[in-house]
Amino acid sequence: MMDKLEVSQPLALLMGAFALFAAVWLLVEVARLRRIAAGAAFAEHMSYVSGGVICLAASVLVGWIAGVLPYGLTPAAARFLSDALVGVSMVLLGIYFVRVRRAIARYLDVLNADAAIARAHIDESASEEQPGV
């Protein structure tokens, strides 16, 4: 029979600090990308990414709060809340990717339609010039 995996408190705090640092770094990069790519399909919906990252950071904070305030939050409740925040984060990120994919698909449809019109115009111009040659 296998024993349970135990993680020391300092290691857990270190991993939580790493996750929070990563979340802050990601939020800063999202803001910088949004500013640079204003008007682009992926930048228009950046609020979903920001919300997802905030939920991930809050998930880490829930774990810390449960460790610091053991009377306010049971481990099971902390796990439930943390999982809920991760789930909301995934939904927000999923919405972002769906919206960006749709915007790019619309752009490609318009681009293909313009290319088809241009080809038809070139073919029409070529056929009009043929008889006079």
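Quick look at the structure, then. This structure is a prediction, so every number in the text was calculated from the model and none was measured. Sequence positions are assigned chain by chain, starting from 1 and proceeding in written order. Residues qualify for local features only when their pLDDT is at least 70, as the model is predicted, and side-chain atom pairs are given and counted only at 80 or more; totals for whole chains, interfaces and linings, by contrast, use all residues. Only hydrogens and water are removed before side-chain values are computed, so all heavy atoms of the structure are retained for them.

## A short note on the environment of Tyr48
Then, number 1: Mapped onto the secondary structure, Tyr48 falls in helix α3 (residues 46–68).
Then, number 2: Distance in space between the C-alpha atoms of Tyr48 and Arg99 is 9.9 Å, their sequence separation being 51 residues.
Then, number 3: Not counting residues up to four positions away in its chain, the partners in contact with Tyr48 are Leu92, Ile95, Tyr96 and Arg99. In this description a helix means any DSSP run of H or I spanning at least four residues, a strand means any run of E spanning at least two, and both kinds are numbered starting from the N terminus. Here, two residues are considered to be in contact whenever any of their heavy atoms come within 4.5 Å of each other.

## Notes on the layout of surface pockets
Then, number 1: Space inside the largest pocket adds up to approximately 690 Å³.
Then, number 2: Residues are said to line a cavity or pocket when one of their atoms sits within 4 Å of a point; the points come from a 1 Å grid over protein atoms alone, cavities being sets where a 1.4 Å probe fits but cannot get out and pockets being open sets with protein on both sides within 12 Å along at least five of seven lines. Residue lining of the largest pocket: 22 residues in total, with Ala12, Gly63, Trp64, Ala66 and Gly67 positioned closest to the centre.
Then, number 3: Elements supplying a minimum of two residues to the lining of the largest pocket: α1 (9–36), α3 and α4 (75–129).
Then, number 4: Among the elements that take part in the lining of the largest pocket, α3 stands out by supplying eight residues, more than any other. Grid points are joined across faces, edges and corners, and a volume is the space filled by probe spheres set on the points.

## A word on the side chain of Ser82
Then, number 1: Along the chain, the position of Ser82 falls in helix α4.
Then, number 2: Using a relative accessible area of 16% as the deciding quantity, one classes Ser82 as buried.
Then, number 3: Identification of polar contacts relies on pairs of N or O atoms within 3.5 Å, with a donor-acceptor requirement for protein atoms, meaning one able to donate a hydrogen and the other able to accept it, and with residues adjacent in sequence counted only if both atoms are side-chain atoms. Among the polar contacts made by the side chain of Ser82, one reaches the side chain of Ser59 at a distance of 2.6 Å.
Then, number 4: In contact with Ser82, not counting residues within four places along its chain, are Ser59 and Val62. Working definition: with a 1.4 Å probe on protein chains only, accessible area under 20% of the residue-type maximum means buried, over 50% means exposed, and in between means partly exposed.

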